[in-house]
Amino acid sequence: MDQARSASKDVIDYKVYELGGRFSLSAPERGWSGAMNLPGDVHTALLEAGEIPDPYFGQNEDVVAWVYKTPWTLERLFVVPADMTDRYLTLTLSEVDCIASVFLNGEMIAETQNQFIRYDIDVTGKILEGENTLTIAFATVPDVAKARADAHPFSIPYAAMNQKVAHLNFVRKTACHAGWDWGICLMPIGVYGTMVLRRTPLARTESVQIDQYHEDGKVNLKIRTRIHAFDSGEVSLTHKIDGQVVGGSVAVRAGENLIEHTVSIHSPDLWWPAGQGSQSLYDLLTDLDGEQTSRKIGLRKLEWIVEKDEIDHSFKCRINGRDITMMGANWIPADAIPSRITQETVEDLLQSAKAANYNMLRVWGGGQYEPDWFYELCDEMGLLVWHDFMFSCMPYPSDRAFLDDVQTEITQQVRRLSHHACIALWCGDNEVIGSLNWYPETRANRDRHLANYDRLSKLLADIVEDEDPERRFWPSSPSLGYMDFADGWHIDTRGDMHFWDVWHSARPFEHYRTVQPRFASEFGFQSFTSMDVIESFTEAHDRNPSSPVMETHQRNEGGNARILETMCRYFRFPKGFEEMVFLSQIQQGLAIKTAIEFWRSTKPRCMGTLYWQVNDTWPVASWSSLDYGGQWKLLHYLARRFFAPINVVAVPDGDDIVIKGVNDGPKPANIALDVFAVDMGGVAKSLHKKDFMLGLESASELVRVRKEAIGNGAFLTFEWRDENDRLLGQNDFMPRAHKYYDLPAANVSAIWTQGKNGPELTLQTDACAFFVTVQVDPIGYFSDNCITLLPGRPATLSFAPRRGATPSLNDLQNSLRISHLAETY
């Protein structure tokens with residue numbers, strides 16, 4: 001049995017007993033019983049027991065659907081020592097998914113109905129010395145959701161285009177658990193968070209929040225601690241930070257108590273987002289009668305500047321007085337099976353985000369609030385978080401019971417997370433205001449559904465104003481701003497924008513240049529997942545874009561056809577399935593490159609680009625730049641280039657190509673720019689060679705090139721170097737689609753060497769080779785990939801292993817595969 005452990009060596013009155021471990025698992029309706037580990041989920045237990053096949057393989061999604069239609073019961077016997085029963089006791093359960101009755105020694109002690117709430121259950125006097133039994137009986141969510149929808153006084157539509165389970169807007173559960181236009185429907189069941197019994201002398205810590213007030217040369221901190229006292233009395237509460245200790249004895253009353261302390265830090269080391277400075281973090285240690293909790297605090301002043309300008313209204317993030325362009329992508333849960341969402345897995349994904357020059361992620365409103373360590377990692381890596389609350393793409397109820405539940409949820413989550421430096425903004429929802437124009441029910445009576453929406457939106461805004469007044473609340477994404485409920489999806493002069501015309505309306509990539517958003521928070525283009533991932537869920541005969549298995553692993557209706565249709569616009573049709581997969585990732589990268597390079601070139605009009613999406617929950621054709629499992633798709637390599645702090649891009653303007661420089665680094669920079677026209681034989685003609693100073697305020701026009709100067713059958717290439725002649729970047733511009741060029745049959749050679757910082761691969765070619773891509777079996781990524789290679793200009797790439805891999809040069813050399821465009825047809 002688990003043993004009690006003391007949270008403090010000096011104070012023995014506070015103790016924690018871990019309740020996680022091996023539970024019995026049963027489905028009485030099916031006459032089945034087994035075992036599972038908690039925290040964990042039922043699907044993982046059934047997989048381990050051999051009761052279900054791999055849900056991700058083939059078309060097994062429907063084969064395992066019975067799991068979420070079945071009531072499940074979990075039970076565990078645990079032994080409590082005598083010294084755990086003589087004080088106040090709290091049973092804490094978090095991330096209970098989701099509708100469940102909790103029994104202690106046969107007595108119901110709680111009913112849970114919200115995956116996003118931490119349940120603190122007073123079990124004082126209910127725990128026995130010796131053996132105790134904890135039972136969690138889960139109801140079937142689809143049945144509960146339907147009953148609630150049927151009982152509602154008017155019809156509220158749900159996202160049937162995405163979800164296989166109806167009416168999930170009536171249940172507070174991760175929306176994409178029911179499927180999405182990239183996600184499998186598994187509807188997992190389990191407990192994923194804290195499971196502890198806490199013994200406290202008088203009170204327990206509920207939350208610790210820190211408000212920052214920046215002045216010249218110092219930061220004043222207000223530390224707000226909420227504690228729950230079981231009775232009136234006196235507690236000892238202290239905080240230690242930067243060598244200072246504040247606090248002491250405090251009188252408390254029964255119930256919730258708010259206690260405030262202040263401390264000043266002089267000459268602070270400020271926290272900056274990635275690419276702008278260091279991520280300095282201060283340790284804050286809180287001690288409540290021996291209950292010790294620690295937090296890392298990044299000191300920074302973060303503002304959202306939303307104010308009238310010559311265009312309409314700005315929308316930009318200012319940190320420590322510096323306006324910073326936000327660059328990154330949207331984040332969804334790291335796996336559809338919750339037990340697989342481990343810190344190691346997520347850290348790997350976040351490291352790849354930082355490696356691609358991200359400084360922001362948007363935690364999307366159809367997903368979940370992440371574990372504490374997710375935000376700690378973002379603090380350490382300098383990744384800001386635009387944080388949606390968990391409402392997405394459909395209306396929600398606004399009756400008193402629902403709003404009371406949501407109030408607890410949002411209050412807890414804001415209090416839990418607000419101390420993190422990474423949290424940049426609280427957003428009310430994803431596309432809920434826009435969805436009022438999607439459904440027949442909402443279009444038929446928009447006034448009713450708008451009033452219904454406003455009740456929920458106002459509650460969210462009020463909670464943020466009360467609980468985290470220093471942070472911006474943004475009502476929805478996309479939104480035109482406070483109290484503006486218009487359908488502003490195609491208004492690019494203010495607010496944030498979701499621009500989906502290129503994908504959903506099958507517009508050409510060039511259509512991205514018809515809008516100039518102030519902040520693009522969603523846009524994307526799909527590709528097939530990589531071949532090794534496809535092989536993990538298919539048999540050889542399934543590897544056809546129209547096969548049932550490939551279409552099962554494509555959740556957006558008509559998605560595979562759209563990928564192929566677009567391919568015909570820009571490229572010659574590939575000769576085989578593997579070439580088709582490769583080409584799909586090239587065109588995905590080109591699509592997003594077209595958008596982001598143009599929008600960055602409009603700085604300071606556009607001050608943020610977050611493409612959809614960085615990761616996947618299972619192996620699927622999608623908009624992600626990282627495969628399921630974390631492997632880099634070609635888009636992620638292109639992102640590393642188009643998100644480079646100092647970038648040079650080409651923008652068509654009539655008969656000219658405008659070369660513009662963008663500096664989103666921490667300080668002005670001098671660059672030397674070389675511009676060439678190159679024909680298919682690899683002969684380069686110099687067009688411009690100039691030095692420039694790039695400031696931070698706006699993108700700069702550097703040179704103009706007449707299209708006629710490039711020549712038929714040729715393309716534009718340009719590179720820029722710093723003051724020390726170090727190559728900073730290289731870029732290309734093709735005046736016409738690649739299919740119109742007669743590409744040479746290039747032979748690309750490769751040599752591995754052991755460099756100072758790890759393995760290096762040098763590539764050379766005897767003719768122009770486009771989108772040259774190298775792959776190896778060991779997990780990791782190259783310093784660059786999907787590159788243009790010219791004869792006489794070798795490129796050296798370094799290799800960075802992932803997740804602790806230590807491949808030898810032989811491992812890399814023996815598994816090396818090289819692809820480029822001319823080989824696809």
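Counting of residues starts from 1 at the beginning of each chain's written sequence and follows it residue by residue. Under the rules for a predicted model, residues below a pLDDT of 70 receive no local features and side-chain atom pairs below 80 are neither given nor counted, while totals for whole chains, interfaces and linings still include all residues. Side-chain metrics in this entry use all non-hydrogen atoms of the structure; hydrogen atoms and water are not considered.

Asks: Would you explain the overall build of the chain in this entry?
Replies: Secondary structure elements are defined from DSSP: runs of H or I of at least 4 residues count as helices, runs of E of at least 2 residues count as strands, and each element is numbered from the N terminus. Within the chain, the regular secondary structure consists of 17 helices and 46 strands. Values of the radius of gyration come from C-alpha atoms, whereas the globule rule sets the reference at 2.2 Å times the count of residues to the power 0.38. Compactness check: the chain gives a C-alpha radius of gyration of 28 Å against a globular reference of 28 Å for 825 residues, within 12% of the reference. Taken over the C-alpha atoms alone, the chain extends approximately 85 × 65 × 60 Å along its principal axes. Three exposure classes are used, based on accessible area relative to the maximum for each residue type with a 1.4 Å probe and protein chains only: buried under 20%, partly exposed in between, and exposed over 50%. In the chain, which comprises 825 residues, the share counted as buried stands at 61%. Looking at the chain as shown, the accessible area adds up to about 30900 Å², and 46% of this sits on carbon and sulfur atoms. Under the convention used here, a 1.4 Å probe and the Shrake-Rupley method define accessible areas, while residue burial counts only the protein chains that appear.

Asks: Just checking my understanding: could you explain the side chain of Asp468 for this structure?
Replies: For Asp468, the location among the structural elements is in the loop between helix H9 (446–467) and strand S29 (473–474). Any pair of N or O atoms that falls within 3.5 Å is considered a polar contact. Within protein, one atom must be able to donate a hydrogen and the other to accept it, and sequence-neighbouring residues count only if both atoms are side-chain atoms. A distance of 2.9 Å separates the side chain of Asp468 from the side chain of Trp426, its partner in a polar contact. What Asp468 contacts, discounting residues up to four positions off in sequence, is Val414, Ser418, Trp426 and Ile463. The contact definition used throughout considers only heavy atoms, calling two residues in contact when any of these lie within 4.5 Å.

Asks: Would you explain the environment of Thr765 in this entry?
Replies: Within the element layout of this structure, Thr765 appears in strand S41 (residues 758–765). When its relative accessible area of 10% is taken as the criterion, Thr765 is described as buried. Dropping the residues within four chain positions of it, Thr765 is found in contact with Ala746, Asn747, Val748, Leu789, Leu790, Pro791 and Gly792. From its side chain, Thr765 meets the backbone oxygen of Ala767 in a polar contact 2.6 Å long.

Asks: Help me understand the pairing of S41 in this model?
Replies: Along any regular strand, the residues point their side chains to alternate faces of the sheet. A pair of strands is treated as paired once DSSP finds two or more bridges between them. In the sheet, strand S40 (residues 748–755) pairs with S41 via eight bridges, with the strands oriented antiparallel. Paired with Thr753 across the bridge in S41 is Glu760. With antiparallel pairing between neighbouring strands as the criterion, S40 and S41 make up a hairpin whose turn holds two residues.

Asks: What exactly am I supposed to notice about the sheet that holds strand S33 (residues 646–653) here?
Replies: By definition, the strands of a sheet pair up through backbone hydrogen bonds, in either a parallel or an antiparallel sense. Taken together, three strands build an open sheet; the order of strands is S33-S34-S37 and the sheet is antiparallel. Sheet topology places S33 and strand S37 (700–706) at the edges, where each strand pairs with a single neighbour. Between one strand axis and the next, the sheet turns through 25° on average, direction left out of account. Here strand S34 (residues 656–663) runs beside S37; their pairing, made up of six bridges, is antiparallel. In the sheet register, Ile659 faces S37, and the bridge partner there is Val703. With axes taken as lines fitted to C-alpha atoms, and helix axes fitted only over the stretch in contact, angles between N-to-C directions fall between 0 and 180 degrees.

Asks: Help me understand the pattern of salt bridges in this model?
Replies: If the charged atoms of two oppositely charged side chains come close together, the side chains can form a pair. When a carboxyl oxygen of Asp or Glu lies within 4 Å of a side-chain nitrogen of Lys or Arg, that pair is called a salt bridge. In the structure shown here, the tally under the stated rule is 52 salt bridges. Measuring nitrogen to oxygen at the nearest pair gives 3.0 Å for the salt bridge that ties Arg494 to Asp484. A residue pair is termed long-range when its members are at least 10 positions apart, and Arg494 in the loop between S29 and strand S30 (497–498) and Asp484 in the loop between S29 and S30 qualify at 10 residues. Its relative accessible area of 22% is what places Arg494 among the partly exposed residues.

Asks: Hey, could you run me through the environment of Phe473 in this one?
Replies: Looking at the element boundaries, Phe473 is found in strand S29. Each C-alpha atom of the pair Phe473 and Trp503 lies 29 Å from the other, and the pair is 30 residues apart in sequence. Sequence-distant contacts of Phe473, defined by excluding residues within four places in its chain, comprise Phe389, Trp426, Cys427, Gly428, Ser457, Leu460, Ala461 and Val464.

Asks: Would you mind showing me how to read helix H4 (residues 343–355) here?
Replies: An α-helix turns once every 3.6 residues. As a result, residues three or four positions apart point the same way. In this model H4 runs 18 Å from its N-terminal to its C-terminal C-alpha over 13 residues, within 8% of the 18 Å that 1.5 Å per residue would give. Those residues of H4 that fall on the buried side of the exposure criterion are Thr345, Val346, Asp348, Leu349, Leu350, Ser352, Ala353 and Ala355. Looking at the buried residues of H4, the elements they touch are strand S25 (326–331), strand S26 (360–363), helix H5 (372–381), helix H15 (634–642) and strand S43 (780–782). Where H4 terminates, the next one or two residues include Asn357, which has phi positive at roughly 70°. Here the expected length of a helix is defined as 1.5 Å per residue gap, with one fewer gap than residues.

Asks: Can you help me understand the side chain of Asn169 in this one?
Replies: Considering the arrangement of structural elements, one finds Asn169 in the loop between helix H3 (141–151) and strand S13 (190–191). Assessed through its relative accessible area of 0%, Asn169 is described here as buried. Within the local environment of Asn169, its side chain forms a polar contact with the backbone oxygen of Pro157, the two atoms lying 2.9 Å apart. A distance of 2.8 Å separates the side chain of Asn169 from the backbone oxygen of Pro395, its partner in a polar contact.

Asks: How should I be thinking about the sheet that holds strand S5 (residues 40–41) in this particular structure?
Replies: The strand order S5-S13-S8 describes an open sheet built from three strands, whose pairing is antiparallel. Two strands close off the open sheet at either side, each with one partner strand: S5 and strand S8 (96–97). Of the pairings in the sheet, the one linking S8 to S13 comprises two bridges and is antiparallel in character. Bridge assignment links Asp97 to a residue of S13, and that residue is Gly190.

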